[in-house]
Amino acid sequence: MKRTLILLGSHGHGSGAERVLEYLLAGAVAQRDAICLLAPASSSVTAFARNLGYEWIPWECDHDGLGKNFRAFYKFLRAHEGASRFGLVHSWHTRHLEWAWLLGRLWKVPCSGTIHDDPCPTHEHFGASRKWIIRSTAERLDGVVAVSSAIADRCSELGWKRPLVTIRNGLPDAAPVRQKDSLVLRLGFLATTVLWKGVTLLPELVRRTADLPLEWHLFGSPLPETVPFVEKLTLASNVYFHGRVPLEEALSHTDVLLH
């Protein structure tokens, strides 16, 4: 059986892209023999995949260190002959599109990747070299997936010539919404981790809706840059901070998800 090799270079818990990969692996567990994960040992997705019985290959890569990533790539290449085992190589994140492309060309198998984020953001999520690598590699891949119409439209605005396939991110099944005795509408916000995900917009929104029957429920693990915003927000009587909780639990506190 030809397997699909999924490349994931993130360490630790990760964020949205990692959770979506976990949802995919959980949903595809009946076909787990057709999927192999190439990822760091420290990734939470690695532990998740191994618990479900997926094959895993260690990848000693770095977040964005080109030298270390090249050595990790070469070490993996020497240890594994992919031409007979893998029928597709897929990079789960834009930071590793180039390695999927190289493996595909070396093994003469199709290679593809997923675009989870704006490939040319105004903030410093990607440096100039990474933006160039993303665009130039995406043009050479056999297929590229965008996780939203907004991402696909953004790539088109940037002049990308290759067509993208849009496969929208999904959420796990949540408990059915129960009838509430209260008429208060609960607004949920998940992205308290970093500034560029919109937490700076909340103080004004909370102020402008102070007289309405609303509750604000915030979730996530704030970094030092967002801690002051979260602490100030929770001084309001209708703002509640829950920290990092399973998504299903967050959705149970939410009538409307603000994203």
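Above this text you will find the structure in question.
Fair warning: this is a prediction, and the values are worked out from it, not measured in the lab.

Novice: How should I be thinking about the nonpolar core in this particular structure?
Specialist: Considering soluble globular proteins, one finds that nonpolar side chains tend to be buried as a cluster. With 17 residues, the main nonpolar core has Leu5, Leu7, Leu103 and Trp107 as its most contacted residues. Taken together, the elements giving at least two residues each to this core come down to strand 1 (3–7), strand 2 (35–39), helix 3 (66–79), strand 4 (86–91) and helix 4 (97–107). The greatest single-element share of this core, amounting to four residues, is contributed by helix 4. Residues in contact with Leu5, not counting those within four places in the same chain, are Cys36, Leu38, Phe76, Phe86, Leu88, Val89, His90, Leu103 and Trp107. Counting 15 residues, the second largest nonpolar core, distinct from the first, contains Ile6, Ala28, Val45 and Trp92.

Novice: Could you clarify how one ought to interpret helix 2 (residues 44–51) in this entry?
Specialist: Turning to helix 2, its buried residues are Val45, Thr46 and Ala49. Down the axis of helix 2, the buried side of the element spans an arc of 105 degrees, and every buried residue falls inside it. On its buried face, helix 2 is in contact with helix 1 (16–27), strand 2 and strand 3 (55–58). Looking one or two residues beyond helix 2, the residue adopting positive phi is Gly53, at roughly 90 degrees.

Procedures and definitions
- Residues numbered from 1 in each chain as written.
- Predicted model: local features only at pLDDT ≥ 70, side-chain atom pairs only at ≥ 80, totals over all residues.
- Heavy atoms only, no water.
- Core = buried A, V, L, I, M, F, W, Y, C linked by side-chain atoms within 4.5 Å.
- Buried < 20%, exposed > 50% of the residue type's maximum accessible area, 1.4 Å probe, protein only.
- Helix = DSSP H or I, 4+ residues; strand = E, 2+ residues; numbered from the N terminus.
- Contact = heavy atoms within 4.5 Å.
- Arc of directions from axis to C-beta.

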